[in-house]
Amino acid sequence: MDELFAVVTPGLESVAWNEMQELGLNPLTKESGGVLFQGDLKTIYWANLNLRTVSRILIRLGHFHASAFSELRKKAGRLPWENFINPGQPISLRATCHKSRLYHSDGVIERVVGAISDRLGSFSNHQKPKDIEDANLHQLIVVRLSNDECTISIDTSGDLLHRRGYRLATAKAPLRETLAASIILASGWNKNQPLLDPFCGSGTIPIEASLLALGLSPGQKRQFAFMLWPNYDKSLWDNLLNVIQSTHPHELPLIQASDRDAGAIEMARANAKRAGVSDFIEFECRAISAISPPPDPGFLITNPPYGLRVNSNKDLRNLYAQFGNVMRSHCKNWNTAILCSDPKLLAQIGLKLDTTLRFTNGGISVILGKGIVP
Ligand SMILES: C[S@@+](CC[C@H](N)C(=O)[O-])C[C@H]1O[C@@H](n2cnc3c(N)ncnc32)[C@H](O)[C@@H]1O
């Protein structure tokens, strides 16, 4: 059994924890920025294939004391690098040093690269990847020194897990797919009631909701770092794909997505098509004032402009006040989950909202306001 770490946007650890439990992954401990769990190769493949809220999955390969470079190189050389790196494969290392005698991250990287070359019996080439495609050929290794204790982790995911492969077109201020999935899960949507996103931009929320309701695994069309490992078990991966492909519901609730920007709707449609869910989403180009939700209560889950990245020079207070009025007149008894950076803007909506879930989106602190429309 390996010790595994699911890297999560800080603030969303509980959401990831619940998702991991649903998937049978047995989370063990929450840390800031991730969740620890344990498992074998099958667990690693399954987690990468299915987790919607997690950024990447690391194996904690080694943990040891290191207060001198010679000690670091000797102990790092005992780790089973041959299970993860092919001789000659480029590697990319990231090191952080905190309150440790070894405080020079470049020096730490040099010794770990030396240890890997010793162990593999061939020179390992550490380079910064040129682009995303190049990064996918590198094996990422993460080294952390804290109080002279060194933790070395191997990445299993490759490209970050929010890159599902469908969102090639993006409108203004798109939400990461992992964050969209997180707010849908955190909203408590039960996958049977209608869902509406009236500020849908490039469509991330309705697309993630459709993938979730259809039970389509986010990782089934992409490549992962573990596929390049010398011990990659292709038949195990194919078996897992067969398991997930045999269980799809065919009925979905109404999922509506709208935006006042025609270009955004065009992009959202193209993204939904690539994700294979365009038949399940009603896209309309319309302003918030013109939304037309179904009469039965559902979930309004959305990410309106915040001001910092979109419409930065305009006063958004009127838009939020108007949004509140539209919800009260068209979405009575609906659940709502609204992502926003500014508590004052959320207050303009005029609804009682639970604002305990907070995290960052693209470096901006954000709040998920959850409530029921009276
Ligand atoms: C933060 S973006 C949404 C991003 C989206 N979640 C995504 O992942 O691409 C906000 C969106 O609100 C739209 N918008 C701004 N004012 C609007 C209004 N009055 N009615 C409808 N949409 C509006 C913008 O066109 C923009 O696409």
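In this report, we go over the structure that sits alongside the text. Keep in mind the model is a prediction, meaning the values are calculated, not measured.

**As for the pattern of salt bridges**
Right, on to step 1. In total, this model carries 13 salt bridges according to the counting rule given.
Right, on to step 2. Between Arg119 and Glu82 there is a salt bridge whose closest N-O contact spans 2.8 Å. With Arg119 in helix 4 (residues 105-120) and Glu82 in the loop between helix 3 (69-76) and strand 5 (91-98), the pair connects residues that are 37 residues apart, well separated along the chain.
Right, on to step 3. On the accessibility criterion, Arg119 (35% relative accessible area) is partly exposed.
Right, on to step 4. Because the salt bridges share partners, they merge into one network encompassing Glu3, Glu31 and Arg60.

**Here we look at unusual backbone geometry**
Right, on to step 1. Its identity as a non-glycine residue notwithstanding, Lys99 has a phi of 45°, on the positive side.
Right, on to step 2. Note that Lys99 resides in the loop between strand 5 and helix 4.
Right, on to step 3. Looking at Lys99, the relative accessible area reads 64%, which means it is exposed.

**Things to note about the site of the ligand**
Right, on to step 1. As a matter of local geometry, the ligand sits amid 20 residues, with Leu175, Ser202, Thr204, Asp259 and Asn303 nearest to it.
Right, on to step 2. One of the backbone N or O atoms of Leu175 is found 2.9 Å from an oxygen atom in the ligand.
Right, on to step 3. Arg260 has a polar backbone atom sitting 3.3 Å from a nitrogen atom of the ligand.
Right, on to step 4. Isolated, the ligand exposes 610 Å² of accessible area, and the fraction of that covered by the protein chains is 97%.
Right, on to step 5. Broken down by class, the residue content of the shell around the ligand amounts to eleven nonpolar, four polar and five charged.

**Quick notes on the pairing of strand 10 (residues 281-285)**
Right, on to step 1. Bridge count for strand 9 (residues 255-259) against strand 10 is five bridges, and the pairing is parallel. What sits directly across from Asp259, in strand 10, is Cys285.
Right, on to step 2. For the segment spanning strand 9, helix 9 (residues 262-275) and strand 10, crossover handedness is right-handed.

**With respect to the pairing of strand 7 (residues 149-155)**
Right, on to step 1. Burial of strand 7 is extensive: six of the seven residues sit out of reach of the surface.
Right, on to step 2. Summarising the sheet, strand 4 (residues 56-65) and strand 7 pair through seven bridges and their orientation is antiparallel. Considered in strand 7, the bridge of Phe64 is made with Cys150.
Right, on to step 3. Pairing of strand 6 (residues 139-146) with strand 7 involves six bridges; the strand directions are antiparallel. Looking at strand 7, one finds that Val142 is bridged to Ser153.

**Overview of the sheet that holds strand 2 (residues 29-31)**
Right, on to step 1. Judged by pairing direction, the sheet is mixed, and its seven strands sit side by side in the order 2-3-1-4-7-6-5 without closing on themselves. One side of each edge strand has no neighbouring strand; the edge strands of this open sheet are strand 2 and strand 5. Taken over all neighbouring pairs, the strand axes of this sheet differ in orientation by 30° on average, direction set aside.
Right, on to step 2. Across the sheet, helix 1 (residues 13-22) is in contact with strand 1 (2-7), strand 2 and strand 3 (34-39); its angle to strand 3 comes to roughly 25°.
Right, on to step 3. Across the sheet, helix 3 touches strand 4 and strand 7, and the angle it forms with strand 4 is around 125°.

Conventions we followed
- Residues numbered from 1 in each chain as written.
- Predicted model: local features only at pLDDT ≥ 70, side-chain atom pairs only at ≥ 80, totals over all residues.
- Heavy atoms only, no water.
- Salt bridge = Lys/Arg side-chain N within 4 Å of Asp/Glu carboxyl O.
- Helix = DSSP H or I, 4+ residues; strand = E, 2+ residues; numbered from the N terminus.
- Buried < 20%, exposed > 50% of the residue type's maximum accessible area, 1.4 Å probe, protein only.
- Near = heavy atom within 4 Å.
- Polar contact = N/O pair within 3.5 Å; in protein donor to acceptor, adjacent residues only side chain to side chain.
- Areas by Shrake-Rupley, 256 points an atom, 1.4 Å probe, with all protein chains shown as cover.
- Nonpolar A, V, L, I, M, F, W, Y, C, P; charged D, E, K, R; others polar.
- Pairing = 2+ DSSP bridges.
- Right-handed = clockwise from strand over helix to strand, strands pointing away.
- Axes fitted to C-alpha atoms, helices over the stretch in contact; angles between N-to-C directions.
- Contact = heavy atoms within 4.5 Å.

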